[in-house]
Structures are given as structure tokens and as C-alpha cells.
Amino acid sequence: MPLNLSDSLKLPCGAVLTNRLAKAAMTEGLADEMNRATERHVNLYRRWAKGGAGLLLTGNVQVDRTHLERPGNIAIDNNGGLEALRAMAKAGTCNGNHLWMQINHPGRQTPASVNPKPLAPSAVPITVAEAGCGDPVEMNEAQILDVIKRFVHTATVARDCGFTGVQIHSAHGYLMSQFLSPLSNHRRDAWGGSLENRARALLEIIRSTRKAVGNDFPIAVKLNSADFQKGGFTEDESMQVVRWLGEEGVDLLEISGGNYEQMNMVGHAEDQPGKKPVAESTRLREAYFLDYATKVRPMATMPLMITGGFTARQGMLDALNAGELDVVGLARPLSSDPELCRKLLTGETQAAPRPELAMVLDRAPLGPVDDRTYRLMGVWAEVAWSSMQMIRMGDGKDPDLNMSLLEALGAYDANERAAAEAYHKTR
Ligand SMILES: Cc1cc2nc3c(=O)[nH]c(=O)nc-3n(C[C@H](O)[C@H](O)[C@H](O)COP(=O)(O)O)c2cc1C
């Protein structure tokens, strides 16, 4: 019997996902100036829950208010807001679906507007100046142990507030991913050097979180297949980490890739605005990390979720039936159509809308920018476009599919500046 997107999935901890579609994490930027959840989160997650996905992952929630991925993040750091988290969890599970909190520390990828001297495994700044990140300071051991405790505390708060699972973010160049990569981790102590040492912080977090939340609570990890950088975290290393995560009883492994220096998480180079669109012939095997999925499958004892590039229903079914994945992760498509999962499950829709991919970022109004900067801005504009759609849904509106990339970029910039200003007034 072929598998269907509507089939349920039992996880190692015993929890059951009602279908094979998951909304992958997308940072919402909807928190208040104290980094607490708001009514806008409630609106957004209620809408997504009703949209039919078996699993919703929240945008990354920070374990430390001085280290945010952006100023509008939710953080759990003795800043109150537990009632708001409860309301968010209730709304986000209203359809019998799971809602898991993605937990993160951005490390050196903290914007300088939040913290000009963020903590990181080593004092190695990222090479993309345009990302506006702070100048990292090497953590001492007490600071590493403190971060581990904070992850565990945040997971416990998530469980107590009604989130039905957690996902530890160890991808995309944030702190756990920085520990894993020899390019950002130059330490010579027990937290750097060998892969075993570089993976120590992540494995400690999983082990301690399991002890704190119990055996029946889902713990997932988002991991890079690789960093796609010479001297970085490799595919072979990633596969070894997957083995170890299996031994720690991880319930779902989400595969992604890239970081701020290599934005592979949101697409092939040729997918980016201003470049030619993906050829029709590659559409059915469109997801970016499926080849890695095939390689990692034999050592992955837990179910696999692959995120990045899926749009076609048939492509999702093929990957599921080829045994390449157990759960299809969808992010940007759900910012255009929050009902998409229901439509894919019933067959009402054969492909996700990706209007932003067909748009080219208007270059003239940007002034004299070189090609590299223009390309980078194109990638960020697409992310900004999805972000602005989430803000609209948070305000109870529908997505605006006619919004231009330029308009989105401008609105996003203004939003971030205002959020940073409000955040600093509280500190
Ligand atoms: C607006 C936006 C925000 C994102 N925020 C997060 C995040 O908070 N955590 C995370 O792990 N990935 C984040 N991602 C990456 C997505 O989860 C996903 O890996 C990526 O968009 C590829 O999937 P897609 O092709 O279905 O969009 C974000 C992506 C976008 C577009």
C-alpha cells in the first residue's frame, strides 16, 4: 500500500502526528518589546492550526533576551508572558495537531542592533558584513553550561504552557551549529576539536532536556546536512551526529542546511530572485536536501523530516514512498497560503503557490549596488516577503500575494528598526 500524506505517524516517544505535513519554523517577529508572545501569535497559530498540518513548529524562541535572532523574537528569560504562551499554545493546537516550540540561541548570528558583543564558541565573526551581526566573544565554560541550562528551562516552560513538543535548533549557523563547525569553533577544550567535543553541547542539551520533560514528550532536532563551506561541518560529520542523536532518543530529525554565509536553507542559487527559475524538469525532485536524506536514512533510527524547496504534491508523495522522509516540511509556501496543508491532503491543490519566486527585486530604487549585494538583497527580500505575510496574518488579514519584493524589504526594514528601538527602551 503506498503511503499517503494523510497517514498518521507514531513517534518513538509514543506521540502521534495526524499526518505527514509539517509547518517548518519561521521566525515571526511578533513579540512585544519584552519579547513576550502576543495576540498576533495567537491569531497566526490558530490560522495555521486550522490549515491542516499535523505539526506546527514555532519560529525560533530564544533562551536569552540578550541574544536574539531578531528583536521581535519570543524569549523565555524570566520576562513573564506565560499566560500569552499558554494562549498561543491553545490556539496553535486547536485542530488536534501538534505545536512544538523551536528553541534557539543565535550566538554570533545575533544582530549588532541587539547585542554588539554576542557570545559564541570562538571569537570568529561571520564573513558577511551585510548581515549586521555583532562581534563575537568566546564563551567560557560557565557560560556554555549556562546556555545548556537555559535550553532545558525553556523546554520545560514550553511543556508546562501547553506546547506539545520542542525542537532544538542546531542548524543554519546559530549557536549549536557554530559549535559543530570547525570554521566557527576553534576551541581546544572539551567543547571543541574532535567531532565528539563539538557535538557535546548539543548532546548535553538533548540528554538534560529528556530528563526534564520525561519520556513521552517529543524532542526534535533541526540539523544541517552540511554547511556547504570548505573546512565547515561536513556531510560525513552530520551523519555521525545523527547516529548519536538516535542514541539519545530524539523523536524527529529535521534536515536543512546552510547559514548566513551560505544561504542554502532557502534554495539553490538559481532559485533566487533575479536568477532564472528552476527548470520544469527538476520540479518533481525539487527539495534541496533529498540526496542527503537518502544517505542518512540507514543511520537515522528516528523519523526524518526534510524541509526546503517542496512545492509539488507529487514530489512530496514520491519522497515519502521512496522512503526518503517521513514528514514533509513546508515553510515559505505556508506564508502565502495558510490553508495549503488541508488542500494538499485532500488533493484540492497539486502545488504550493510561490509567488515571490516569480518576482524580481526592482534594482533601480536600491541605488548603486554591486551584483553580489543585489543577489544577497534578493534572498533577504524573499524572506522579508514571507515575514510581512506573517505580520498580516497576525493582524487578522489575508496574505497579500501582490506585495512586491521591494515593498516587503522596505516594510520589513522599518519593522525591524522599530522593534529594535522598542527592545532597547526596556534594557
Ligand atoms: C521568513 C522565514 C523565517 C524563517 N525562520 C526560521 C526559524 O526561525 N527557524 C528555522 O529553523 N528556520 C527558519 N527558516 C527556514 C525554514 O524553516 C525552512 O528551512 C526554509 O524556508 C526552507 O523551506 P521552504 O522552501 O519550505 O521555505 C525561515 C525561513 C523563512 C522564509
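Whatever comes next refers back to the structure up there.
What you are looking at is a predicted structure, and each value in this text was computed from that prediction instead of being measured.

A. Examining the nonpolar core more closely. By size, the foremost hydrophobic cluster in this structure holds 119 residues, and its most contacted members are Leu 85, Val 241, Leu 245, Phe 310 and Leu 330. Excluding anything up to four places from it in sequence, Leu 245 contacts Leu 202, Leu 203, Ile 206, Val 221, Leu 223, Val 250, Leu 253 and Met 302.

B. Spatial organisation of the site of the ligand. Taken together, 24 residues sit near the ligand, with Ala 25, Gln 102, Gly 309, Ala 331 and Arg 332 positioned nearest. Within the contact set of the ligand, an oxygen atom lies 2.9 Å away from a side-chain nitrogen or oxygen of Lys 222. Gly 309 is positioned with one of its backbone polar atoms (N or O) 2.8 Å from an oxygen atom of the ligand. Protein contacts shield 96% of the accessible area of the ligand, which totals 610 Å² for the unbound molecule. Counting residues per element, the shell around the ligand draws most heavily on helix α12 (residues 371-394), which supplies 4 residues. Along the lines of polarity and charge, the residues of the shell around the ligand split into 10 nonpolar, 12 polar and 2 charged.

C. A look at the packing of helix α2 (residues 82-92) against helix α3 (residues 141-161). α3 packs onto α2 with a crossing angle of 60 degrees between their chain directions and a minimal axis gap of 9 Å. Judged by the inter-axis angle, α2 sits oblique to α3. Seen along the crossing, α2 lies across α3 with a hand that is right-handed. The segment α2 lies against α3, with Leu 82, Leu 85, Arg 86 and Ala 89 engaging Val 157, Asp 160 and Cys 161. Residue composition of the contact of α2 with α3, grouped by class: 5 nonpolar, no polar and 2 charged.

D. Fine view of the packing of aromatic side chains. In this structure the tally under the stated criterion is 5 aromatic pairs. Between Tyr 45 and Trp 48, the aromatic rings sit 5.3 Å apart at their centres with planes inclined by 70 degrees, giving edge-to-face as the arrangement. With Tyr 45 and Trp 48 both in helix α1 (residues 39-50) and 3 residues apart, this pair spans about one turn of that helix. Through pairs of rings, three or more aromatic residues link up here, namely Tyr 174, Tyr 260 and Trp 380. Over the ring of Trp 48 we find Lys 23, and its NZ or CZ is 4.6 Å from the ring centre.

E. Representation of α3 within the structure. The end-to-end C-alpha distance of α3 is 30 Å, a good match for the 30 Å that 21 residues give at a rise of 1.5 Å each. What α3 keeps buried is the set Ile 144, Val 147, Ile 148, Phe 151, Val 152, Thr 154, Ala 155, Thr 156, Val 157, Ala 158 and Cys 161. At its buried positions, α3 is contacted by β5 (61-62), α2, β6 (98-104), β9 (165-170), α4 (175-180) and α6 (200-213). Two or three places before Ala 142, at the opening of α3, Asn 140 has a side-chain oxygen 3.2 Å from that residue's backbone nitrogen.

F. Seen up close, the pairing of strand β10 (residues 219-224). Counting buried residues along β10, 6 of its 6 residues qualify, which places the element largely inside the surrounding structure. Alternating residues of β10 divide into Ile 219, Val 221 and Leu 223 and Ala 220, Lys 222 and Asn 224, and every residue in both groups is buried. The pairing of β9 with β10 spans 5 bridges and is parallel. What sits directly across from Gln 167, in β10, is Ala 220. Where β10 lies against strand β11 (residues 252-256), 5 bridges are found, and the strand directions are parallel. By the bridge assignment for β11, Lys 222 is matched with Glu 254.

G. Main features of unusual backbone geometry. Positive phi is not limited to glycine here, since Asn 35 has a value of about 60 degrees. Here Asn 35 is to be found in the loop between β3 (21-23) and α1. Despite not being glycine, His 172 has its phi angle at roughly 60 degrees, a positive value. If you trace the backbone, His 172 turns up in the loop between β9 and α4.

H. Structural detail: the environment of Ala 89. Within the secondary structure, Ala 89 is located in helix α2. Using a relative accessible area of 1% as the deciding quantity, one classes Ala 89 as buried. Along the backbone, Ala 89 and Leu 99 are 10 residues apart, and their C-alpha atoms lie at a distance of 7.0 Å.

I. Representation of the pattern of salt bridges within the structure. Scanning the entire structure with this criterion turns up 27 salt bridges. For Arg 198, the salt bridge identified is with Glu 237, shortest N-O distance 2.8 Å. Of this pair, Arg 198 sits in helix α5 (residues 195-198) while Glu 237 sits in helix α7 (residues 235-247), and the two are 39 residues apart along the sequence. Each of Arg 332, Arg 354, Glu 356 and Glu 382 takes part in salt bridges that share partners, so that together they form one network.

J. Summary view of the side chain of Gln 109. As for its position among the elements, Gln 109 is in the loop between β6 and β7 (119-120). The exposure class assigned to Gln 109 is buried, which follows from its relative accessible area of 2%. From its side chain, Gln 109 meets the backbone oxygen of His 172 in a polar contact 3.0 Å long. Setting aside residues no more than four positions away along its own chain, Gln 109 makes contact with Ile 126, Cys 133, His 172, Gly 173, Tyr 174, Gln 178, Asn 259 and Tyr 260.

Conventions we followed
- Residues numbered from 1 in each chain as written.
- Predicted model: local features only at pLDDT ≥ 70, side-chain atom pairs only at ≥ 80, totals over all residues.
- Heavy atoms only, no water.
- Core = buried A, V, L, I, M, F, W, Y, C linked by side-chain atoms within 4.5 Å.
- Buried < 20%, exposed > 50% of the residue type's maximum accessible area, 1.4 Å probe, protein only.
- Contact = heavy atoms within 4.5 Å.
- Near = heavy atom within 4 Å.
- Polar contact = N/O pair within 3.5 Å; in protein donor to acceptor, adjacent residues only side chain to side chain.
- Areas by Shrake-Rupley, 256 points an atom, 1.4 Å probe, with all protein chains shown as cover.
- Helix = DSSP H or I, 4+ residues; strand = E, 2+ residues; numbered from the N terminus.
- Nonpolar A, V, L, I, M, F, W, Y, C, P; charged D, E, K, R; others polar.
- Axes fitted to C-alpha atoms, helices over the stretch in contact; angles between N-to-C directions.
- Parallel < 35°, antiparallel > 145°, perpendicular 65-115°, else oblique.
- Left-handed = near helix turned anticlockwise from the far one by under 90°.
- Phe/Tyr/Trp six-rings, centres within 6.5 Å; stacked < 30°, edge-to-face > 60°.
- Lys NZ or Arg CZ within 6 Å of the ring centre and 35° of its normal.
- Expected span 1.5 Å × (residues − 1).
- Pairing = 2+ DSSP bridges.
- Salt bridge = Lys/Arg side-chain N within 4 Å of Asp/Glu carboxyl O.

Scope: geometric values only; no functional claims are made or implied.
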